[in-house]
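# Examining the three-dimensional arrangement
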Amino acid sequence: MSIQSRSSIRSAAISWKTGARKSIFQPTAWEISIKAGLGKLHLPGPPAQVIPAFMAKQGLRPLPVTHLHAVKVYDLLHHNDPFDRLIIAQAISEEMAVLSADIDFRKYPVKVLWCGR
């Protein structure tokens, strides 16, 4: 991803449990696709090709959204970004850390691995 692409998405696609899986949150792929479609994010190709290629290169697996993740969002309604709420809900439910450059993530009971400047 380009510098411009990375700065457009503050919450990174990657999370993991120590010694376990590395995953890409499904809402991240959704947000990347929407922003690319709106012209707010420039990718080297269509998201349907770029995202799976990135995942394969990095050894990432998708983390699908479950009903438990969706209902956990209820506890996070004071957070404005719906994609972030779902990522936080997934991280809390799965006890996973999140790579992020979004300071607001630190307000929640989830381990944030800072990737900002």
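Residues numbered from 1 in each chain as written. Predicted model: local features only at pLDDT ≥ 70, side-chain atom pairs only at ≥ 80, totals over all residues. Heavy atoms only, no water.

## With respect to the pattern of salt bridges
Cut-off, in case you're wondering: Take a side-chain nitrogen of Lys or Arg and a carboxyl oxygen of Asp or Glu: if they are within 4 Å of each other, that pair is a salt bridge. The numbering of helices and of strands both runs from the N terminus, where a helix is a DSSP run of H or I of at least 4 residues and a strand a run of E of at least 2. To sort residues, take the accessible area from a 1.4 Å probe on protein chains only and compare it with the maximum for the residue type: under 20% means buried, over 50% means exposed, and anything in between is partly exposed.
One pass over the structure, following the stated rule, counts three salt bridges. We note a salt bridge from Lys35 to Glu31, for which the minimum N-O separation is 3.6 Å. Here Glu31 and Lys35 lie together in helix 2 (residues 26-37), a separation of four residues that amounts to about one turn. The partner of Lys107 in a salt bridge is Asp104, with the nearest N and O atoms 3.2 Å apart. Judged by relative accessible area, which is 28%, Asp104 ranks as partly exposed.

## Some words on the confidence of the model for the protein
As a reminder of what qualifies: The pLDDT score gives, residue by residue, the confidence of the prediction method on a 0 to 100 scale. Only heavy atoms enter the contact rule, under which two residues are in contact if any of them lie within 4.5 Å.
Of all residues in the protein, 83% attain a pLDDT of 70 or more, and the chain-wide mean is 82. Per-element averaging of pLDDT across the protein places helix 1 (residues 3-8) at the bottom with 43 and helix 4 (residues 67-72) at the top with 94. pLDDT under 50 marks residues 1-9. Its contacts with residues more than four places away, or in other chains, come to 16 contacts.

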